[in-house]
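Take a look at the letters that make up each chain.
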Amino acid sequence: MCTKNLPYFLSGIVVRGFGRGSKALGIPTANLEDEVVNNLPNDFKTGVYYGWACLDRQVYKMVASIGWNPFYKNEKKTVEVHLLHKFENDFYGKCIKVIFVDYIRPERDFTSEEELIRAIHDDIAFAEEQLQQSDKLAYKDDQFFTE
C-alpha cells in the first residue's frame, strides 16, 4: 500500500475525457483538467484509489484511476474519478473536490475489456466495503468539502 501522500486532497474542473468510461465500459468517469494532473506530487504513485468526492455540495463514494491506463496505451497521464452514484446528466465544467483516502492497486494492463471491467467492479466493491469503516467514513464530513 502506498500511504505516504494519503489522504490527498484535490479539486478541479471536470473535462471531457476519451469517452470510454460511459460508452465502452459502462462506468462513467469525471476526468479532471490537465492542470490538476500536472500538479500532483512527483512521487504520487499511479494506480487505483478510493475515497470521497463532492459535487454540487453532495458527497459521494468514489474510486479513481491515476495514470496512463495501460490497456488503452494512453500517452497522457489522467485523473479519472468514478462516483458511486447514478447521475442523469453529465457535469462537464463543474468543480469537483476529491479526497483520496487509500490506495487499492497499481495500474496494470489487461488481456481484454471484459477483464478490465471485472477489475473495476472489484475495485468498486472493495471501496464500498472499506468506506464503511469509521476511520474512512470520517472523511465524508471533512471541512474541505464545505470550504
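Here is what the cut-offs are and how they apply
Residues numbered from 1 in each chain as written. Predicted model: local features only at pLDDT ≥ 70, side-chain atom pairs only at ≥ 80, totals over all residues. Heavy atoms only, no water. Phe/Tyr/Trp six-rings, centres within 6.5 Å; stacked < 30°, edge-to-face > 60°. Helix = DSSP H or I, 4+ residues; strand = E, 2+ residues; numbered from the N terminus. Buried < 20%, exposed > 50% of the residue type's maximum accessible area, 1.4 Å probe, protein only. Salt bridge = Lys/Arg side-chain N within 4 Å of Asp/Glu carboxyl O. Core = buried A, V, L, I, M, F, W, Y, C linked by side-chain atoms within 4.5 Å. Contact = heavy atoms within 4.5 Å.

Caption draft 1: Local environment of the packing of aromatic side chains. Per the stated rule, a full pass over the model turns up 11 aromatic pairs. Ring geometry for Tyr 49 and Tyr 103: centres 4.9 Å apart, planes at 70°, overall edge-to-face. Placement of the pair is Tyr 49 in strand β3 (residues 47-55) and Tyr 103 in strand β6 (residues 95-105), with a sequence separation of 54 residues. For Tyr 49, a relative accessible area of 0% puts it in the buried group.

Caption draft 2: Quick peek at the pattern of salt bridges. All chains considered together, the criterion is met by five salt bridges. Here Lys 61 makes a salt bridge to Glu 128, at a shortest N to O gap of 3.0 Å. You can see Lys 61 sitting in strand β4 (residues 58-67) and its partner Glu 128 sitting in helix α3 (residues 113-130), a full 67 residues away along the chain. The salt bridge partner of Lys 136 is Asp 135, with a shortest N-O separation of 3.3 Å. Residue Lys 136 is classed as buried on the basis of its relative accessible area, which comes to 10%. Asp 135 sits in the partly exposed class, given a relative accessible area of 45%. Among the ionic contacts, a cluster of salt bridges with common partners joins Asp 102, Asp 135 and Lys 136.

Caption draft 3: Structural context of the nonpolar core. Grouped together as the largest cluster of nonpolar side chains are 25 residues, with contacts concentrated most on Val 81, Leu 83, Ile 96 and Phe 100. Elements supplying a minimum of two residues to this core: β1 (8-15), β2 (30-32), α2 (34-38), β3, β4, β5 (78-83) and β6. Residues within four places of Val 81 in sequence aside, it is in contact with Pro 28, Thr 29, Ala 30, Leu 32, Ala 53, Met 62, Val 63, Ala 64, Ile 96 and Val 98.

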